[in-house]
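# Geometric and topological summary
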Amino acid sequence: MSQTWDTCFNYKTEKFLITKNKKVGVLFRLFQLGVIGYLIGWVFLWKKGYQETEEVIQSSVFTKVKGMALMNSTELCLQTWGPEDYATPSQVGGAFFVMTNCLETPNQKMGYCSESSNVPAGHCYHDEDCTKGEMVISGNGVKTGHCMNDTMTCEIHGWCPVEEIHEPIRNVLKQSENFTVYIKNFITFAKFNFSKSNVLDTTNNLYLKTCTYDQVHHPYCPIFRVGDLVRWTGHSFGEMAVKGGAVGVVIDWNCDLDKDSSMCKPEYSFTRLDALKDSTNTVAAGYNFRFVRYYRDTEGQTSRFLYKVYGIRFKVMVNGQAGKFSIVPTVVKIGSGLALMGAGVLFCDMILIYLTKKKSLYRMHKYGVFEEKMTP
């Protein structure tokens, strides 16, 4: 017990031995070179481990759509479209909508009429199938209790005539491909007090009126063709414009603030959001909604036009991070590299102790025990 207690106060010191073993020596130098290469190449040059980073980006996005188009059919919706018509509703939460197709139900008035045959809950055979006062599920009004023999659907009280539900088969607003959208983005990295915009800082007032975004020649031009935004997702504008869709516009800001601020440039990428890759399910694809415009006729009765519009909803998403030199992460990364050097020493020691022919001799010299008597 006394001997065990005494060992608690023994002091162990590092002992350095020079071992003339070329194989282990070469292995140790290779390990050192690997650690140095990892530290310089991967940690410092590639990952910029000497920088303090910020991944919280403060961002604001503004959009403006321009272009005029003439409808090639006099039976559907408006004949001439401007931005106030096809960009409805306006931007909400960094998203905007461009109308590409339209179906119209004109001159609806509040009254009584037959429910649409395309509504399953409105079908009937007898008056008993049309419970008075019951709402038609996914329908257009309230049941009156009568079954209309000519349509075999319930009579309803609502906006009449009801909408004729059918799917569009062609894009009636082909000029929408050439509409342009102005995407203005401001970002701030608060930690470094750094702000930037995706708009070129220039005194040339004509620049924004004449340029169109090009990744090589005009990377700072924030004017995009709607057709290009869709094409860059890998899909056809003509196909998407028929039933609509959703497109994501991603703006990435990866800024090295140790360089000049002009090197901090936005990088754009585009993807379709309403359809899965390699999916044959076309039911979920597309984007449409309805809106109405009310008016009063000559008799003072309220009437309305019902529009079912198809189009492309663009969602602008901003990501980014910034980095700048700081002494703290630099010291931490260098300390980690030195710790890895120590792991190399331990590894080579294990080889000499357990795998070499003279392992007993090395072990004796490495772990020799010396007792030091303490004088009172």
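Here the structure is a predicted model, which is why all the values come from computation and not from measurement. (Residues numbered from 1 in each chain as written. Predicted model: local features only at pLDDT ≥ 70, side-chain atom pairs only at ≥ 80, totals over all residues. Heavy atoms only, no water.)

In this section: the overall build of the protein chain. Tallying secondary structure elements over the protein chain gives eight helices and 14 strands in all. A burial count over the protein chain gives 39% of its 376 residues as buried. When contacts within the protein chain are restricted to residue pairs at least 6 apart in sequence, long-range pairs at least 24 apart make up 67% of them. (Helix = DSSP H or I, 4+ residues; strand = E, 2+ residues; numbered from the N terminus. Buried < 20%, exposed > 50% of the residue type's maximum accessible area, 1.4 Å probe, protein only. Contact = heavy atoms within 4.5 Å.)

Take the side chain of Asn101 next. By the secondary structure assignment, Asn101 is in strand 5 (residues 95-114). Among the polar contacts listed, one links the side chain of Asn101 to the backbone oxygen of Val242, at a separation of 3.0 Å. (Polar contact = N/O pair within 3.5 Å; in protein donor to acceptor, adjacent residues only side chain to side chain.)

What follows is about the side chain of Asp228. Among the secondary structure elements, Asp228 is positioned in helix 5 (residues 226-231). Residue classification places Asp228 among the buried positions, given a relative accessible area of 10%. In this structure the side chain of Asp228 is engaged in a polar contact, spanning 2.7 Å, whose partner is the side chain of Arg231.

Centre distance and the angle of the planes are the two values used to describe a pair of aromatic rings. The full count for this structure, using the stated rule, is 18 aromatic pairs. Considering the side-chain rings of Phe97 and Phe289, the 4.9 Å spacing of their centres and the 65 degrees angle between planes classify their relative orientation as edge-to-face. You can see Phe97 sitting in strand 5 and its partner Phe289 sitting in strand 13 (residues 288-296), a full 192 residues away along the chain. Given the relative accessible area of 3%, Phe97 is considered buried. We classify Phe289 as buried; its relative accessible area is 18%. (Phe/Tyr/Trp six-rings, centres within 6.5 Å; stacked < 30°, edge-to-face > 60°.)

A separate point is the nonpolar core. Judged by nonpolar contacts, the single largest core of 35 residues is most densely connected at Ile183, Phe189, Phe224, Trp253 and Phe314. Of all the secondary-structure elements, those providing two or more residues to this core are strand 2 (58-66), strand 5, strand 8 (180-189), helix 5, helix 6 (237-243), strand 11 (245-256), strand 12 (266-272) and strand 14 (302-325). (Core = buried A, V, L, I, M, F, W, Y, C linked by side-chain atoms within 4.5 Å.)

Two elements in contact, helix 2 (residues 22-46) and helix 7 (residues 327-354), have axes separated by 10 Å at closest approach and are oriented at 160 degrees. The angle between helix 2 and helix 7 falls in the class roughly antiparallel. In this structure, helix 2 crosses over helix 7, and the sense of that crossing is right-handed. Here the contact of helix 2 with helix 7 is composed, by residue class, of 19 nonpolar, four polar and one charged. (Axes fitted to C-alpha atoms, helices over the stretch in contact; angles between N-to-C directions. Parallel < 35°, antiparallel > 145°, perpendicular 65-115°, else oblique. Left-handed = near helix turned anticlockwise from the far one by under 90°. Nonpolar A, V, L, I, M, F, W, Y, C, P; charged D, E, K, R; others polar.)

Next up on the list: the pairing of strand 6 (residues 141-148). As paired elements, strand 6 and strand 7 (residues 153-160) share five bridges and run antiparallel to each other. Residue pairing in the sheet places Met148 in a bridge with Thr153 of strand 7. Counted between consecutive antiparallel strands, the loop separating strand 6 from strand 7 contains four residues, among which Met152 sits at a positive phi close to 55 degrees. (Pairing = 2+ DSSP bridges.)

Here we take up the state of the cysteines. All told, the structure shown has five disulfides when counted by the stated rule. Covalently, Cys113 is tied to Cys160 through a disulfide, its sulfur atoms 2.0 Å apart. Between Cys113 and Cys160, the S-S dihedral sits near -75 degrees, and the bridge is therefore left-handed. Within this pair, whereas Cys113 is found in strand 5, its partner Cys160 is found in strand 7, the two being separated by 47 residues in sequence. In terms of burial, Cys113 and Cys160 fall into one category: buried. With its sulfur 1.8 Å from that of its partner, Cys255 forms a disulfide with Cys264. In this pair, the class of Cys255 matches that of Cys264, namely buried. (Disulfide = S-S within 2.5 Å.)

With that out of the way, let us pick up a nonpolar patch on the surface. A contiguous nonpolar surface patch, about 600 Å² in accessible area, is contributed by Val26, Leu30, Leu33, Ile36, Ile40 and Leu45. The residue Ile36 is located in helix 2 in this model. Look at Ile36 and you get partly exposed, because its relative accessible area is 39%. (Patch = residues over 30% accessible without salt bridge, like charges linked within 9 Å, V, L, I, M, F, W, Y side chains within 5 Å. Areas by Shrake-Rupley, 256 points an atom, 1.4 Å probe, with all protein chains shown as cover. Salt bridge = Lys/Arg side-chain N within 4 Å of Asp/Glu carboxyl O.)

What follows deals with the environment of Met68. Within the fold, Met68 resides in the loop between strand 2 and strand 3 (69-70). Residues Met68 and Ser176, 108 residues apart in the sequence, show an inter-C-alpha distance of 8.1 Å.

Time to look at unusual backbone geometry. Following Cys160, the chain continues to Pro161 via a peptide bond in cis, the omega torsion being -5 degrees. Within the secondary structure layout, Pro161 lies in the loop between strand 7 and strand 8. Even without glycine at this site, Lys48 takes up a positive phi of about 50 degrees. Structurally, Lys48 can be placed in the loop between helix 2 and strand 1 (51-54). Look at Lys48 and you get partly exposed, because its relative accessible area is 26%. Backbone geometry places Ser138, a non-glycine residue, at a positive phi of 60 degrees. Its location among the elements puts Ser138 in the loop between strand 5 and strand 6.

Before going further, it helps to examine the confidence of the model for the protein chain. Scored by pLDDT, the protein chain comes out at a mean of 83, with 84% of its residues at no less than 70. pLDDT under 50 marks residues 369-376. Its contacts with residues more than four places away, or in other chains, come to one contact. (pLDDT = per-residue confidence, 0-100.)

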